[in-house]
Amino acid sequence: MADMRTNLAWFQLPNPILTASGCAAAGRELHQFFDVADLGAVVTKSIMSRARSGRPTPRMAETPSGMLNSIGLQGPGIESFIKNDLAWLAQHGARTVVSIAGTHTDEFVEVARKLRGHPAVSMLEVNISCPNVESRGQVFACDAIASSRVIGAVRRAADPAQPVFAKLSPDVTDITHIARACADAGVDGFSLINTLLGMVIDTDTMAPALGGVTGGLSGPAIRPVAVRCVWQVKQAVPHLPILGMGGIRTGLDALQFLLAGASAVSVGTAVFGDPTAPVRILRELEQTLDERGIAAVSDVIGRAHRAPAALLSAAAASPR
Amino acid sequence: MTAAPVQEVAEIFAMQKVGEYVQFTVVAPGVAQGFEPGHFVAVAVGGENTSMLLRRAFALYGATPNGDFAGTVQFVVAAHRAGTRWLLERKVGDRIDVVGPLGTPFPLPSGPAPAVLVGGGYGTAVLIPLAQALITHGSPVEFVVGASTASRLFGELVAKRLAGSVTVTTDDGSAGHRGVVTDVLPGAITRIGAEVVYACGPMPMLRAVGEVARDHAIHAQVAVEEAMACGIGVCMTCVLPVRGDDGRSRFVRSCVEGPVFDADRVRWHDVGRLPSDLIGADAMGGGH
């Protein structure tokens, strides 16, 4: 049996399969189907300082090999999250990555501070794909300066024992530009990728299908985009670890992300169709490594970058 | 949620055409075990490598936990789009991936209480096992069953056999009273001295049923059919604005807190909107 252990910065995980933010709530519902402590970690739905209603319905549209969502970060607020959700996760022995969000830098900082010293929190994932109210609603993750400001502030405010990962958006001209800015601000790693902005129009009503008009596209439809982003960021900032996500549905999908440079992966949209997907994918990945005679997950991380030099230079030269 | 849901690969035992619908009976002992009226199942569609990622939700029409061999459950499918069409192309003996029982079932009165059950289209299906439970508890039951046209009615004969009294309505008058269920609901409530109304069907019908119940100063427990991505409470897509015990309103999940709601608690006029007094609505400002 392959050694499945991996690390995200100094956070040690027994295996590289995590849930994805917004696709597992805070673990409780999935625990009906499998033991959440069996996962590498549970990544919780992005939490903000105050309770948020989220957007009006319809919030979802199915698309080919994907779905579009416009939830609007519905959540109970950090106090209630710590009291109820985090307490439940701790009680059930789940390693926990808390996804935090905000509409201005101070909100991220406030939420990160409230999580200081909490024994159940292994890591923070900073969801910077939120509109920045201080910049006419421009998404933080689409602007290198705004991204680096939030990441720097969170890194300073957060518990030094908790690695801080920046979750980046693929909806940018050059994701490595944002990644480098976050690296300069002291980020400990990257979560790649968030959803792609998309839109569906209902041809019966002749109006946008979602209450929020646009929404985030997820699922296998975006997997090649996600693998490309992991690859590029690994090339640009090789010293920082990556948590990969985007349309992972099988153990082989997970392996692709590891080969591209991710140290662990999150399983998101697949959970909606198959509540046991994370543990199934873990089993499949184990099996796939064994079949290939690979002794440890650490042996495949970033391995695709070691492909023959001719192939790599060709990739670098090819136009986008 | 009363019973923990399970995921089962269920063999299709029977597919029976009923008007424009198909009634499925599938072998799913784990789902059947925990079944209570109002529960639903979420069914994967399209096969292993499908491009349709999301499950389809179907209210359970019944369950036989201790059948001749393994336990079975029944649900009713109407052709909508590609997902339900795929299901309807299955054959007896095929296997489908089923998660259930899901949702919070219908609350039953603590003692015998006369009830009117109102079904719109195949929404009647979920009311049949409820009627059985109510009758077992000694509650007299009367049905009102409606649809746009006769071929879209479901279960009126089963309902008749169970309850004795069924009033049928169709929009086009092709069966029973020409009109809608709320035309005949007040009469049924008065006739039986109903203390509660139960309903399942399209949202405008549920809202109208709730209004009739309120006019008669009784509660209406209604099962909604909201679009869901997961059915198990993690995706937050199926929310409705609902007033809580504390008098304050929130977006709550139809799949876990529902699908059965007290009609008076649902803010029907605000479905698809973001009322400013909803908890957390104030935090939405500035976003897009």
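Residues numbered from 1 in each chain as written. Chains lettered and ligands numbered in written order. Predicted model: local features only at pLDDT ≥ 70, side-chain atom pairs only at ≥ 80, totals over all residues.

## Examining the overall build of chain B
Along the backbone of chain B there are 6 helices and 15 strands. The C-alpha atoms of chain B give a radius of gyration of 19 Å, which matches the 19 Å a tight globule of 288 residues would have. Dimensions of chain B along its principal axes, counting C-alpha atoms only, are 55 × 50 × 40 Å. For chain B, buried positions account for 53% of its 288 residues. (Helix = DSSP H or I, 4+ residues; strand = E, 2+ residues; numbered from the N terminus. Rg over C-alpha atoms; globule rule 2.2 N^0.38 Å. Buried ≥ 20, exposed ≤ 12 C-beta atoms within 10 Å, placed from the backbone.)

## Remarks on the overall build of chain A
Broken down by element type, chain A carries 9 helices and 18 strands. Relative to the globule expectation of 20 Å for 320 residues, the C-alpha radius of gyration of chain A, 19 Å, shows essentially globular dimensions. In terms of overall dimensions, chain A has a C-alpha envelope of 50 × 45 × 40 Å along the principal axes. Put simply, chain A has 320 residues, and 58% of those count as buried.

## A look at the interface of chain B and chain A
By a frequent convention, interface size equals the accessible area lost on bringing the separate parts together. Between chain B and chain A, the residue contacts involve 34 residues of the former and 40 residues of the latter. The residue makeup of the side of chain B that touches chain A, split by class, is 23 nonpolar, 9 polar and 2 charged. (Contact = placed C-beta atoms within 7 Å. Nonpolar A, V, L, I, M, F, W, Y, C, P; charged D, E, K, R; others polar.)

## A word on the sheet that holds strand β5 (residues 72-78) of chain B
Residue and element names in this part refer to chain B. Reading around the barrel, the 6 strands line up as β1-β2-β5-β4-β3-β6 and close back on themselves, with antiparallel pairing between neighbours. The average undirected angle you get between the axes of adjacent strands in this sheet is 45°. By the bridge criterion, 4 bridges tie strand β3 (residues 40-43) to strand β4 (residues 56-64) in an arrangement that is antiparallel. Within β4, the residue paired with Ala 42 across the bridge is Ala 57. (Pairing = 2+ DSSP bridges. Axes fitted to C-alpha atoms, helices over the stretch in contact; angles between N-to-C directions.)

## Quick notes on the sheet that holds strand β5 (residues 60-63) of chain A
Residues and elements named next belong to chain A. Taken together, the 4 strands give an open sheet; going across it, the order is β5-β6-β16-β13, and neighbouring strands pair in antiparallel fashion. Of all the strands in the sheet, just β5 and β13 (196-199) have a single pairing partner and so form its edges. On average, each strand axis in the sheet is inclined to that of its neighbour by 35°, with strand direction left out of account. The sheet contact formed by β13 and strand β16 (residues 214-218) spans 4 bridges and is antiparallel. In the strand pairing of β16, Gly 198 is matched with Gly 215.

## Looking at the pairing of strand β8 (residues 141-147) of chain B
All names here are of chain B. Burial analysis of β8 places 7 of its 7 residues in the buried class, the great majority of the element. Neither face of β8 is left uncovered, since the one carrying Val 141, Phe 143, Val 145 and Ala 147 and the one carrying Glu 142, Val 144 and Gly 146 both have all their residues buried. In the sheet, strand β7 (residues 115-120) pairs with β8 via 6 bridges, with the strands oriented parallel. Across the sheet, the residue bridging to Val 116 is Glu 142, located in β8. Crossover β7 to β8 through helix α3 (residues 127-136) is right-handed. What joins β8 to strand β9 (residues 166-170) is helix α4 (residues 156-163), and the crossover it makes is right-handed. (Right-handed = clockwise from strand over helix to strand, strands pointing away.)

## What about unusual backbone geometry?
Cis geometry marks the peptide bond from A:Thr57 to A:Pro58; its omega dihedral reads -5°. Position of A:Pro58 among the secondary structure elements: in the loop between β4 (42-43) and β5. Cis geometry marks the peptide bond from B:Gly100 to B:Pro101; its omega dihedral reads -5°. Within the element layout of this structure, B:Pro101 appears in strand β6 (residues 95-102).

## Topic: the confidence of the model for chain B
Residues and elements named next belong to chain B. Per-chain confidence: chain B averages 94 in pLDDT, with 97% of residues scoring 70 or above. Mean pLDDT in chain B bottoms out at α4, which sits at 93, and peaks at strand β11 (residues 196-200), which reaches 98. With pTM at 0.94, the complex prediction returns an ipTM value of 0.92. (pLDDT = per-residue confidence, 0-100.)

## Thoughts on the pairing of β3(B)
Residue and element names in this part refer to chain B. Where burial is concerned, the two faces of β3 agree: the one with Phe 40 and Ala 42 and the one with Val 41 and Val 43 are both buried. As paired elements, β3 and β6 share 3 bridges and run antiparallel to each other. Residue pairing in the sheet places Phe 40 in a bridge with Leu 102 of β6.

## Considering the packing of helix α3 (residues 144-157) of chain A against helix α4 (residues 175-184) of chain A
Residues and elements named next belong to chain A. Taken N-terminus to C-terminus, the directions of α3 and α4 make an angle of 30°; their axes are 8 Å apart at the nearest point. Judged on the interaxial angle alone, α4 and α3 are roughly parallel. α4 is crossed by α3, and the crossing has right-handed handedness. Between α3 and α4, the residues in contact are Ala 144, Ser 147, Ser 148 and Ile 151 and His 177, Ile 178, Ala 181, Cys 182 and Asp 184, respectively. (Parallel < 35°, antiparallel > 145°, perpendicular 65-115°, else oblique. Left-handed = near helix turned anticlockwise from the far one by under 90°.)

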